[in-house]
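# Summary of structural features
Each chain, letter by letter, is given below.
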Amino acid sequence: MKHISNIKSFRKAGILVMMISLFVVVLSCTEDTDFNLGPVLPSSSDGIQNLDEEGIDCGGTNAPNPCPSCTDGIQNQDEEDVDCGGPCTNECPELTPRAQALLSQGLPRFFTFEAGDLSSGLNLRPRTTNADGSPYGQGVIPTFGVADPAGSDDLVTQIVRPENGPFGGFEDLKFQPQDAVIDFSEYNKFKIDVFIPSTNDFSGALTPMVELILHDDDPEFFTRWTVISQSVADTDFDSWVTLEFDGSSAVAAGSGTLLPDNTTYTIFTLRLGGSGHGESGVFFVKDFVPFK
């Protein structure tokens, strides 16, 4: 009888354990179900077009990012180039002559300064918009597609550094930011043709210098940028000179990171005439290209 009583006790205990386990499972499922079926608050990161968004999680007053468009200065939404082709109604322009000649060389990017639009380059064009889509004002005054001051049939660009310009002595020409971080591991050397008129007054702070500045789009970019500079001798004034910028051993401010190892830069910038002064100057440029 005692043996039978023990069996009954074990059965009761087993049933009790099973009931507790079943209760826990039911409670757990109920909690999960309640959680999953609960209301989802609309947000700018929920993968749904709601609130007053213009697209999925973009545009409107609550979304942090503007929606891709054919006027945002960025190659996106399956465009063939920046703001042209693909879903955009405007076709991409045919390349200008020197840009067409460079196209077959396998370069990742270039800009010939034959014109100010896409026809002059590959993956490069002068900056026209900020990250939020608002207009960007260059620190210098570029005039694209002007006659070659040396008399050839080439079209080039005149860059005027204004007196007491808008950036307090740090006027420059910026290219539109790249969609992704620039890979400098293979192409970290660059060259550009420059024509400096002897009519410039270099007796003061203005210098016959060209600086290539590589940086990101953060307001504190100058704490991390890489600057490579070259000067033109006065004996080379009034003629075209090819300046080469060797970035293979150039380092970033602050971190000292070598340019070929850099993983943050998205912008190319050119500064002509030196930094930190308000004196005016006139320069001509053409054919900015990378090389190995």
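Presented here is an overview of the structure given in this document. (Residues numbered from 1 in each chain as written. Predicted model: local features only at pLDDT ≥ 70, side-chain atom pairs only at ≥ 80, totals over all residues. Heavy atoms only, no water.)

### Some details on the layout of surface pockets
The condition that has to hold: Two kinds of site are reported from a 1 Å grid over the protein atoms alone, namely cavities, where a 1.4 Å probe fits but cannot get out, and pockets, open sets with protein on both sides within 12 Å along at least five of seven lines, and residues are called lining when an atom falls within 4 Å of a point. Grid points are joined across faces, edges and corners, and a volume is the space filled by probe spheres set on the points. In this classification, the charged set is Asp, Glu, Lys and Arg, the nonpolar set is Ala, Val, Leu, Ile, Met, Phe, Trp, Tyr, Cys and Pro, and all remaining amino acids, among them Gly, are polar.
Put simply, the largest pocket is a space of about 290 Å³. In this structure, the largest pocket is lined by 16 residues; those nearest its centre are Tyr136, Phe167, Asp172, Lys174 and Phe221. Each residue belonging to the lining of the largest pocket can be placed in one class, and the counts come to seven nonpolar, two polar and seven charged. Considering only enclosed or pocket space, the second largest pocket measures out at about 230 Å³ in volume. Contributing to the lining of the second largest pocket are 13 residues, with Pro66, Cys67, Asp72, Ile74 and Ala131 lying nearest its centre. Of the residues assigned to the lining of the second largest pocket, the class counts are six nonpolar, five polar and two charged.

### What to know about the state of the cysteines
Keep this limit in mind: Any two cysteine sulfur atoms lying within 2.5 Å of each other are counted as a disulfide. Per-residue accessibility, obtained with a 1.4 Å probe over protein chains only, is compared with the maximum for each type, and a residue is labelled buried under 20%, exposed over 50%, and partly exposed between these values.
Across all of its chains, the model carries three disulfides by this definition. Here cysteine 58 pairs with cysteine 67 through a disulfide, and the sulfurs are 2.0 Å apart. Of note, the bridge from cysteine 58 to cysteine 67 carries an S-S torsion of about 95 degrees and is right-handed in sense. Exposure remark for cysteine 58: the relative accessible area of 9% places this residue in the buried category.

### Examining the sheet that holds strand β8 (residues 226-231)
Definition in use: Strands qualify as paired when DSSP identifies two bridges or more between them. Secondary structure elements are defined from DSSP: runs of H or I of at least 4 residues count as helices, runs of E of at least 2 residues count as strands, and each element is numbered from the N terminus.
As summarised here, the arrangement of the four strands in space is β5-β10-β7-β8, forming an open sheet in which the pairing is antiparallel. Single-partner strands in this sheet number two, and they are β5 (173-174) and β8. Pairing analysis gives two bridges linking β5 to strand β10 (residues 267-272), with the strands arranged antiparallel. Along β10, the bridge assignment pairs leucine 173 with leucine 270.

### Some remarks on the environment of tryptophan 225
Definition in use: A contact between two residues is defined here by any heavy atoms of the two lying within 4.5 Å.
With respect to the helices, strands and loops of the structure, tryptophan 225 is situated in the loop between β7 (209-215) and β8. Note: C-alpha distance between tryptophan 225 and alanine 252 (27 residues apart in sequence) is 5.3 Å. Tryptophan 225 has contacts with Ile213, Leu214, His215, Val251, Ala252, Ala253, Tyr265 and Arg271, leaving out every residue within four places of it along the chain.

### As for the environment of aspartate 81
Its location among the elements puts aspartate 81 in the loop between α1 (2-36) and α2 (97-103). In the structure, aspartate 81 is positioned 10 residues away from glutamate 91 in sequence and 9.3 Å away in space, judged by C-alpha atoms.

### Let's talk about the environment of glycine 86
Within the secondary structure layout, glycine 86 lies in the loop between α1 and α2. Along the primary structure glycine 86 and asparagine 76 are separated by 10 residues, whereas in three dimensions their C-alpha atoms are 9.5 Å apart. Leave out the neighbours within four places in its chain, and glycine 86 touches Asp78, Glu79 and Glu80.

### Here we look at the nonpolar core
The cut-off we apply is this: Buried Ala, Val, Leu, Ile, Met, Phe, Trp, Tyr and Cys residues form a nonpolar core when they are joined through side-chain atoms within 4.5 Å.
Judged by nonpolar contacts, the single largest core of 33 residues is most densely connected at Phe113, Ile192, Leu214, Phe268 and Phe288. Of all elements in the fold, only β6 (189-195), β7, β9 (240-246), β10 and β11 (281-291) reach the threshold of two or more residues within this core. If we ignore the near neighbours within four places in the chain, the residues touching phenylalanine 268 are Arg109, Leu124, Leu173, Lys174, Phe175, Ile182, Phe184, Phe190, Leu212, Ile213, Leu214 and Phe288. The next biggest cluster of nonpolar side chains, apart from the first, holds six residues, and it includes Ala99, Leu102, Leu107 and Tyr187.

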